[in-house]
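Listed below, chain by chain, are the residues.
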Amino acid sequence: MKHLSVIFPGEQSNFSTVACIAGTFEIIAAANSYRRKTGKKDLFTVQLAGVGEKKEMYGGMFTVKPQADISAIEKTDLIVIPSSVPFYQQAGKENTMLIDWIKKQYRDGAEVASICSGAFMLASSGLLDGRNCSTHWAHADAFRQQFPKVNLKEDQLITDEKGIYTNGGAYSFLNLMIFLVEKYYDRQTAIYCSKIFQIEMDRNSQSAFAIFTGQKLHGDAMVEQAQIYIESQLEEKISVEELSAKFSIGRRNFDRRFIKATGNTPIEYAQRVKIESAKKALESSRKTVNEVMYEVGYSDVKAFREVFRKITGISPLEYKSKYNKDAVQ
């Protein structure tokens with residue numbers, strides 16, 4: 001039987017941590033149960049692993065106690081790192097012990113899956129350097145700043161690379177668990193679990209849920225001024241040549257600094273700003289798609305739809321139908 005270790009991140013825990021732990025145990029239990037119905041033995045035994053004693057959370061509302069100390073687990077097959085408080089600060093001793101243990105287990109053949117902001121712990125191990133990774137879109141800015149060697153794919157819901165799995169925000173961990181069930185069990189077991197827990201199968205993007213706020217934690221004053229200018233020119237078509245000239249810098253150097261600071265080209269950044277404004281209008285008004293399109297500086301319907309779909313994963317009309325209950329079809 002394979003061994004699955006769910007990490008308890010101790011002091012970095014939050015409400016989502018508890019949900020991720022409980023959800024992982026429940027879904028694997030259901031997968032094992034379905035497997036038994038087909039005459040096979042359980043595939044996984046699941047254990048909550050951590051460092052130290054039990055921890056009370058939220059004024060005693062929850063008490064979490066690891067079933068095993070990581071020092072007692074010599075070999076595991078799959079490690080699940082739940083959502084936690086992002087590592088914006090240097091990891092403490094307890095987390096350093098967890099990170100070192102994860103690295104050792106991966107070297108010894110274990111696979112590792114991080115949920116939401118659990119990617120910060122995983123990235124702190126160095127195992128994500130040079131690899132693709134996803135995390136909650138709201139933490140993307142901080143993640144890029146802290147882990148520049150990691151190829152962050154904030155639009156992707158799940159990444160799968162060399163035995164390391166990561167996923168997007170919050171309760172999308174349920175999609176990751178269904179993905180892992182299919183990976184380790186089979187498609188039919190995954191379908192069964194998706195029906196039992198009513199989890200949508202084969203979701204692969206979190207773009208439609210993302211709220212673009214602009215990456216401004218980079219410390220480049222010139223780029224930040226350029227960002228503010230772009231955001232103030234919502235209805236205008238912005239020329240990068242004019243923008244670079246405005247800040248007295250060559251086009252190539254301007255592009256280089258902008259990409260380094262934000263992860264986007266100036267054109268991509270302007271598109272994201274415009275589409276975020278369009279999303280808000282589609283969510284909260286009775287304006288038509290064309291009216292919204294003109295308000296954010298587009299005049300070509302095809303171009304607007306293509307950019308909108310590229311950023312959100314769905315069409316403007318689909319987005320309006322999804323988030324605006326008063327939308328008129």
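Because the structure is predicted, anything quoted here is derived from the model rather than measured. (Residues numbered from 1 in each chain as written. Predicted model: local features only at pLDDT ≥ 70, side-chain atom pairs only at ≥ 80, totals over all residues. Heavy atoms only, no water.)

(A) Main features of the layout of surface pockets. Each pocket or cavity is described by its volume, and for the largest pocket that value is around 580 Å³. Considering the residues around the largest pocket, the lining is formed by 26 residues, among which R144, E154, F212, N264 and R272 are closest to the centre. Of all the secondary structure elements, the ones that give two or more residues to the lining of the largest pocket are helix 4 (140-146), helix 10 (266-284) and helix 12 (301-312). Partitioned by chemical class, the residues of the lining of the largest pocket number nine nonpolar, seven polar and ten charged. (1 Å grid on protein atoms, 1.4 Å probe; cavity = no way out; pocket = protein on both sides within 12 Å on 5 of 7 lines; lining within 4 Å. Points joined across faces, edges and corners; volume = space filled by probe spheres on them. Helix = DSSP H or I, 4+ residues; strand = E, 2+ residues; numbered from the N terminus. Nonpolar A, V, L, I, M, F, W, Y, C, P; charged D, E, K, R; others polar.)

(B) Helix 12, seen in detail. Spanning twelve residues, helix 12 covers 16 Å between terminal C-alpha atoms, matching the ideal 16 Å at 1.5 Å per step. Taken together, the buried positions of helix 12 are F304, V307, F308, I311 and T312. Seen along its axis, helix 12 keeps its buried residues to an arc of 110 degrees; they face one direction. Turned more than 90 degrees from where helix 12 packs its buried face, K302 and K310 sit exposed. Where helix 12 is buried, its residues contact helix 10, helix 11 (289-295) and helix 13 (316-323). Between the side-chain oxygen of the N-cap and the backbone nitrogen of K302 there are 2.9 Å, and the N-cap of helix 12 in question is D300. Following helix 12 by one or two positions, G313 has its phi on the positive side, about 90 degrees. (Expected span 1.5 Å × (residues − 1). Buried < 20%, exposed > 50% of the residue type's maximum accessible area, 1.4 Å probe, protein only. Arc of directions from axis to C-beta. Contact = heavy atoms within 4.5 Å. Polar contact = N/O pair within 3.5 Å; in protein donor to acceptor, adjacent residues only side chain to side chain.)

(C) The arrangement of the pairing of strand 11 (residues 164-167) in detail. Going residue by residue along strand 11, you find I164 and T166 tucked away on one face and Y165 and N167 tucked away on the opposite face as well. Pairing of strand 7 (residues 111-114) with strand 11, which is carried by three bridges, proceeds in the parallel orientation. When the bridges of strand 11 are listed, A113 appears paired with Y165. As paired strands, strand 10 (residues 158-161) and strand 11 are joined by four bridges and run antiparallel to one another. (Pairing = 2+ DSSP bridges.)

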